[in-house]
Amino acid sequence: MTTLTSTTMATATSTTTTTTTATPWVEKYRPKSLNDVSHQTEIISTLTNAVETNRLPHLLFYGPPGTGKTSVALALCRQLYDPSQLNRRVLELNASDERGISVVRDKIKHFASLAVGSNNPGGGGGGGVRRNFFGKRAAGDVDGDNATDRGNDHVGRYPNPPFKIIILDEADTVTRDAQAALRRVIEAYSKVTRFILICNYVTRIIEPLASRCAKFRFSPLPVSSMRERIMHIATVEGCRFDDGEADDVVDEILSLSQGDMRRAVTTLQSAHSLSGGGGGGREGNAIKKDSIAEMAGLPPPALIDGLIDVLRSSKFDSVREYVQNIVLEGYSAEYVLSALMAKIIALDGVSDQAKAIIAVKVAESDKNLIDGSDETLQLLAVCSIALEQFKRRD
Amino acid sequence: MLPIIKKMLWVDKHRPTRLQQLSYHGKLTQCLSSLASEPGGLPHLLFYGPPGSGKKTRIMSLLRQVFGPGTERLRLDKRTFTTPTKRTVEINMISSNYHIEMAPGDAGLNDRYVIQDVIKEMAQSKNIATLRRRGGIFASAAASSSNEKNEEENIAKNKGKACYKVVVLVEVDKLTRQAQAALRRTMEKYSSSCRLILCCSNPSKVIDPVRSRCLGIRIAAPSHDEICAVLKTVSRKENITLADELAINIARASNRNLRRALLMLESCHVTSRDDSPRELKASMSIPHTDWERYIAQLAAGIVNEQSPNSLIAAREKLYELLINCIPAQVILKTLVMDLLPTLDDSIKGQVVQWAAFYEHRIALGSKEIFHLEAFIAKFMAIYKKYLNFPPPLLAFLSFMSQSSLHRLR
């Protein structure tokens, strides 16, 4: 998700570290332009094309967390509009804003229906002087590296198309009623306003709304492009690893984050600050591989091995004690379940049928946990099934 | 000041307020202090762990380390929020100049509006208190002890860096989905002026997008030995001699919950105050809470007799417990844990599975008594079947032909 070319990176960090150390890395390394976004090449080329030809459809971005949906939407806006115009032209609404039906009826409709002022025609022309003045100053913060060609040129760099953009982030939490109310709004004001809907689950967007948009699916990032990014951030931020361990540590981070770039960056930053490193050029201790799993809250392999051993001993009371202990140690039952299942599937000497039965129970318990059931009881229920199945084998 | 302190519970009186004073989880404390030493890079945090493991204590010590003693000057605010449907919600907030602590879950289904309002309001302004400190108000204060001096230095080093406020949200696992979704983008958008510290006991109930934005900090329950050590320290401070045996008994009975252990210790002290004010003997019995004894009675009752009459008796007990505000899930869990030791291994698995089933129903449903009773009825059925056909008999019967088995049943 977060890709910056190395030149932009250098300039960007040198300015940001001195001014604000307070921004988390996730924000600091959020891509500033479409070309900076990694991996989602098809989407980017389509969108760049749309920007160049000034023909932008309504968009629907969907995909798992941390794949760059919000970043792409924001970068797209930055690329379209002169920084001075950005606030007036783009309305970002996310789940933190009230988005009931009344908001659709009032706020969105109001914003969408106001045409773009006549002094801001697309491409340049009237009002150019004013934009020139503002644009010059603001262009510096956005793309530091382009300082050289900051002249009259930049007027052409922003197409400033004659429409506005409404970004509906986390659109799957918008109520169905509100979505229904959006249907006609989207069509009626399409001359003035484009919508970008962003969501994790496309199924939660009602069909009439989805069919009005060009859909883009963001796939989880492959390890290779994530590794490049993470390594890059690590070197720029001065993370320290033990000799030859850098690859192992990064591999661990990547395998834990499962294609979620944000999680990977957060993990790296936390590992960095936990190991005593930080801003201000202070170097901490080396980041250790073991600390990564512990930090992500994952149960250590020894814990799961122990659980399997106890299950094999086929004594209910010792299983109960062990499970209660796991919960008291504070491990998340969800993670324990998935680790346990992975272990059981790889286990020799257990019949396929038994594994399947356990898997069904694990799935059920996982759902129950999300519904808010008690962790001890759910874990114990799974373990009692596993116990039965293990016993049957003997 | 002293008379007030005397009236405090031991749990609060001896609560550590600084990172250096924390007694167990040394490695974790180190991590926290390295986080606090670089307050600019403090990520959003998610503390999770079982109750009574010291989550809040650690959060408050961390805040103190970052912002200095100002975090201990607390005030209680009552804020009212208006939902778009013109309903008002009242929330208690505990706040200092540097942070706000609240339990938005108290607002029930309207928690979303509370989160939306509070965080935006907090995030829109910078932390004036830390900026003011640049003027040197704290630097001029006389630092008496060396400990204070260290702290002064730390704060002086940090000044200006922690230019954000902290919102501590407790019991995030009780937040609705919508409220958690409302946290997502807000956490990112306002991260420069506002940091969140979330605190919960069950991390499974926090949605993934929120979890991936936080640094998770797992706080395990203290071990029996660690609890004993704390009990010893507290009783030494109170000038009481505590027998080793009693300490370990309390630790066991507390189920590795430090808060409970300390409360038990204090109640032991109160009950024995008249006979031996400065000593706690090993032979003392540990006071259990009423509701626990009540549930134990309930468990004994249904193991004794499985009949409609016994079910009616159980219902009375259940109502009594519910009326006294014991959460249904706690009742069920305690009941199962009381029942299990009395059962034969062959039916333990079954009982646990049904308990998990009905506990899930409680979480989904709205009328708790139904599911509690259903579990008890189910348990009676399983148990009665076991009594009529214990496993040896069943094994014997399976040797017999199918037809004769049918007749028997």
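Residues numbered from 1 in each chain as written. Chains lettered and ligands numbered in written order. Predicted model: local features only at pLDDT ≥ 70, side-chain atom pairs only at ≥ 80, totals over all residues. Heavy atoms only, no water.

Caption draft 1: Focus on the overall build of chain B. Across its full length, chain B holds 20 helices and nine strands. In chain B, which comprises 409 residues, the share counted as buried stands at 52%. Contacts spanning at least 24 positions in sequence make up 72% of the contacts within chain B whose residues lie at least 6 apart. Of the accessible surface of chain B, which amounts to about 19700 Å², a share of 54% is contributed by carbon and sulfur atoms. (Helix = DSSP H or I, 4+ residues; strand = E, 2+ residues; numbered from the N terminus. Buried < 20%, exposed > 50% of the residue type's maximum accessible area, 1.4 Å probe, protein only. Contact = heavy atoms within 4.5 Å. Areas by Shrake-Rupley, 256 points an atom, 1.4 Å probe, with all protein chains shown as cover.)

Caption draft 2: Geometry of the domain arrangement of chain A. Residue and element names in this part refer to chain A. Once the domains are mapped, chain A shows domain 1 (31-217), domain 2 (223-295) and domain 3 (301-393). With five residues of domain 1 at the interface, the matching set in domain 2 holds six residues. Taken together, the two surfaces of domain 1 and domain 2 that pack against each other cover about 360 Å², and 43% of this comes from carbon and sulfur. Here domain 1 is connected to domain 2 by zero salt bridges. Among the residues making up the side of domain 1 that touches domain 2, the classes are represented as one nonpolar, four polar and no charged. (Domains from an automatic or database assignment. Buried area = accessible area lost by both parts, 1.4 Å probe. Salt bridge = Lys/Arg side-chain N within 4 Å of Asp/Glu carboxyl O. Nonpolar A, V, L, I, M, F, W, Y, C, P; charged D, E, K, R; others polar.)

Caption draft 3: Quick peek at the packing of helix α3 (residues 26-36) of chain B against helix α4 (residues 55-67) of chain B. All names here are of chain B. Relative to each other, α3 and α4 sit at 35°, their axes nearing to 9 Å. Note on packing geometry: the crossing formed by α3 with α4 is right-handed. Two secondary-structure elements touch here, α3 through L28, L32 and A36 and α4 through R58, L62, Q65 and V66. (Axes fitted to C-alpha atoms, helices over the stretch in contact; angles between N-to-C directions. Left-handed = near helix turned anticlockwise from the far one by under 90°.)

Caption draft 4: Region of the structure containing the sheet that holds strand β3 (residues 164-168) of chain A. Residues and elements named next belong to chain A. With parallel pairing, five strands are arranged side by side in an open sheet as β2-β3-β4-β1-β5. Of all strands in the sheet, those bounded by a partner on one side alone are β2 (90-93) and β5 (214-217). Averaged over all neighbouring strand pairs, the angle between strand axes comes to 15°, with direction disregarded. Of the strand pairs in this sheet, strand β1 (residues 59-62) and strand β4 (residues 193-199) are connected by four bridges, and their pairing is parallel. Paired with L59 across the bridge in β4 is I196. Against the sheet, helix α4 (residues 69-80) makes contact with β1, β2, β3 and β4, and its axis sits at roughly 160° relative to β4, the strand it touches most. (Pairing = 2+ DSSP bridges.)

Caption draft 5: Highlighting the nonpolar core. The biggest cluster of nonpolar side chains holds 69 residues, and the ones touching the most others in it are F375 and I376 of chain B. Discounting chain neighbours no more than four positions away, the residues touching F375 of chain B are L332, L335, V336, L339, V351, W354, A355 and Y358 of chain B. Core analysis: the second largest hydrophobic core is formed by 49 residues, I233, L254 and A271 of chain A together with V170 of chain B among them. (Core = buried A, V, L, I, M, F, W, Y, C linked by side-chain atoms within 4.5 Å.)

Caption draft 6: Layout of the side chain of D111 of chain B. For D111 of chain B, the position within the fold is in helix α5 (residues 111-123). If near-sequence neighbours (up to four positions away) are discounted, D111 of chain B is found in contact with P104, K174, L175, T176 and A179 of chain B.

Caption draft 7: Molecular detail of the side chain of S96 of chain B. Residue and element names in this part refer to chain B. You can see S96 is positioned in the loop between β3 (88-95) and β4 (99-102). Residue classification places S96 among the buried positions, given a relative accessible area of 5%. Each residue touching S96, except ones within four places of it in the same chain, is listed here: G70, T71, R73, L74 and R75.

Caption draft 8: Examining unusual backbone geometry more closely. All names here are of chain B. With a phi close to 55°, E171 is a non-glycine residue in the positive phi region. Considering the arrangement of structural elements, one finds E171 in the loop between β5 (165-170) and α9 (177-189). Residue classification places E171 among the partly exposed positions, given a relative accessible area of 33%. In this model, N239 sits at a positive phi of 60°, which is unusual for a non-glycine residue. Mapped onto the secondary structure, N239 falls in the loop between α11 (224-237) and β8 (241-242).

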